[in-house]
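Per-entry structural report
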Amino acid sequence: MTANPLLAVPVVANDQIRVEERLRSAVVTDDPYLTEIAAHLITAGGKRSRPLFCLAGAGADLPDGTPASDTALDGGVAVELVHLGSLYHDDVMDEADTRRQVESVNARWGNLKAILAGDFLLARASEIASAISTEVAGLLAHTITRLCEGQVTELQSLHDVDRTEDQYERSIAGKTAALFAASARIGGLIGELDSDRIDRLTQFGHDYGMAFQIVDDILDLTASEELLGKPTGKDLVEGVYTLPVLYTLETRAGDDLRDLLGGELDAPALDKALSVVRSGPGLEAALALAKAYVLSAEESLDQVGDNQLITGLRGAALYLISSAEEAMRG
Ligand code: GRG
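Here's what I pulled together on the structure shown here. Nothing here was measured: the structure is a model prediction, and the numbers come from that model.

1. Observations concerning the site of the ligand
Surveying the vicinity of the ligand reveals 18 residues, the closest of which are Lys 47, Arg 50, His 83, Arg 100 and Phe 212. Within the contact set of the ligand, an oxygen atom lies 2.8 Å away from a side-chain nitrogen or oxygen of His 83. Protein chains bury 91% of the 740 Å² of accessible surface belonging to the ligand in isolation. Of all the elements, helix H4 (residues 70-94) adds the most residues to the shell around the ligand, at five residues. Classifying every residue of the shell around the ligand gives six nonpolar, seven polar and five charged.

2. Considerations on a nonpolar patch on the surface
Nonpolar side chains collect at one region of the surface, where Met 93, Leu 155 and Leu 158 lie side by side and expose about 260 Å² of accessible area between them. As for its position among the elements, Leu 155 is in helix H7 (residues 134-156). You can call Leu 155 partly exposed: its relative accessible area is 44%.

3. Examining the packing of aromatic side chains
Inspection of the entire model under this criterion finds seven aromatic pairs. Measuring from centroid to centroid gives 5.5 Å for Phe 53 and Phe 180, while their planes differ by 50 degrees, and the two rings are tilted. In this pair, Phe 53 is assigned in helix H3 (residues 49-58) and Phe 180 in helix H8 (residues 165-190), connecting sequence segments 127 residues apart. As far as the burial class goes, Phe 53 and Phe 180 line up, both buried. Measuring from centroid to centroid gives 5.2 Å for Phe 180 and Phe 212, while their planes differ by 50 degrees, and the two rings are tilted. In this pair, Phe 180 is assigned in helix H8 and Phe 212 in helix H9 (residues 195-222), connecting sequence segments 32 residues apart. These aromatic residues form a ring-pair network of at least three members: Phe 53, Phe 180, Phe 204, Tyr 208 and Phe 212.

4. Considering the environment of Lys 291
In this fold, Lys 291 is placed in helix H15 (residues 282-300). We classify Lys 291 as partly exposed; its relative accessible area is 38%. In contact with Lys 291, other than residues within four places in its own chain, are Ile 321 and Glu 325.

Rules and cut-offs
Residue numbers here run from 1 along each chain, matching the order of that chain's written sequence. Selection of residues for local features in this predicted model requires a pLDDT of at least 70, selection of side-chain atom pairs for listing and counting requires 80 or more, and totals for whole chains, interfaces and linings are taken over all residues. With hydrogens and water set aside, each side-chain value is computed from the structure's full complement of heavy atoms. What makes a residue near a molecule or strand is one non-hydrogen atom of that residue sitting within 4 Å of it. N or O atoms within 3.5 Å of each other form a polar contact, as long as, within protein, one can give a hydrogen and the other can take it, and as long as residues adjacent in sequence are counted only when both atoms are side-chain atoms. All accessible-area figures derive from a Shrake-Rupley calculation using a 1.4 Å probe, and residue coverage is judged against the displayed protein chains alone. By definition, any uninterrupted DSSP run of H or I lasting at least four residues is a helix, any uninterrupted run of E lasting at least two residues is a strand, and each is numbered from the N terminus. Here the term charged refers only to Asp, Glu, Lys and Arg, the term nonpolar to Ala, Val, Leu, Ile, Met, Phe, Trp, Tyr, Cys and Pro, and the term polar to all other amino acids, Gly among them. Patch definition: residues above 30% relative accessible area lacking any salt bridge, with like charges linked at up to 9 Å and the nonpolar side chains Val, Leu, Ile, Met, Phe, Trp and Tyr linked at up to 5 Å. Think of a salt bridge as a Lys or Arg side-chain nitrogen and an Asp or Glu carboxyl oxygen that are within 4 Å of each other. For each residue, the accessible area found with a 1.4 Å probe, counting protein chains only, is set against the maximum for its type, and the residue is called buried under 20%, exposed over 50%, and partly exposed in between. Pairing of aromatic rings covers Phe, Tyr and Trp, the last counted by its six-membered ring, and requires centre-to-centre distances within 6.5 Å; plane angles under 30 degrees mean stacked, over 60 mean edge-to-face, and any other angle means tilted. Contacts are assigned to residue pairs that have any heavy atoms within 4.5 Å of one another.

Next comes the structure, spelled out in structure tokens:
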């Protein structure tokens with residue numbers, strides 16, 4: 001996926017530069033070696049969706065064009081650092097070679113340093129969150145718990161052709177949606193919105209995160225290696241059977257797919273599995289669920305506000321669907 005539609009909001013582009021500056025200073029230590037490892041994926045880029053959700057939540061009541069407060073920027077930095085820490089650890093687990101189009105931290109410095117640098121990023125996130133408020137610190141800590149739970153749920157279902165839709169949804173709610181929900185909620189808390197609107201922002205983040213992960217899973221099966229920055233069908237090879245695959249397994253073509261899955265997948269078997277999934281109704285059915293989450297996400301924003309930031313959040317949700325439709329058209 002490419003640009004974040006929130007960046008089309010004039011003030012956000014400038015605030016994003018301020019987030020970048022703070023992110024880089026957040027990982028500076030007395031040890032230049034640790035600083036270099038911790039800054040590696042920050043320098044590499046990324047869409048910064050989670051900090052932008054925090055800025056949008058914090059600015060929901062502000063007139064258009066108001067720059068973000070320092071506290072809102074810190075909230076954005078804290079959630080991005082948690083995201084980064086999880087990516088460092090995830091790449092160790094997956095033995096990934098690349099991330100954000102550059103060499104992964106584990107590939108460049110080895111697993112031990114990648115794990116420690118990931119821990120360092122989580123610790124810095126916690127320090128920054130605790131300077132904002134006890135509530136934000138507690139929420140971020142709980143979110144890290146949810147990420148771990150989601151990831152463990154996924155690991156428990158590896159290569160399991162009987163993985164259920166419910167198991168899939170529980171996993172992505174933890175590993176992906178929880179941090180989007182927390183990002184928007186932390187924004188609402190910093191912006192001192194009333195509790196009803198903070199809950200609505202949280203629901204938005206959750207629903208957006210569910211749709212985001214379903215779309216990410218659709219793209220893994222449909223988009224080119226060039227667009228993804230990783231091989232097409234990587235999830236299938238790793239034994240992560242995502243929603244389009246689970247839906248396909250329930251159809252008539254499911255028996256063919258079941259014969260191919262459940263263990264190691266060589267290149268010809270992967271091609272065959274991708275072709276079975278692409279020619280069946282599983283992708284469309286998964287897209288329909290993503291659309292339902294986007295609709296629910298949009299509804300949650302109805303009473304949150306209507307300034308440019310909140311309109312940007314709506315755009316971000318709708319953009320998920322158009323990117324999936326584009327990849328599915330081929
Ligand atoms: C130590 C916090 C912590 C977690 C341990 C490894 C793990 C448990 C969880 C992994 C969670 C994970 C990697 C979920 C996938 C999230 C995801 C969809 C990442 C891609 O997000 P983008 O597209 O990436 O926003 P950019 O690069 O744009 O930031």
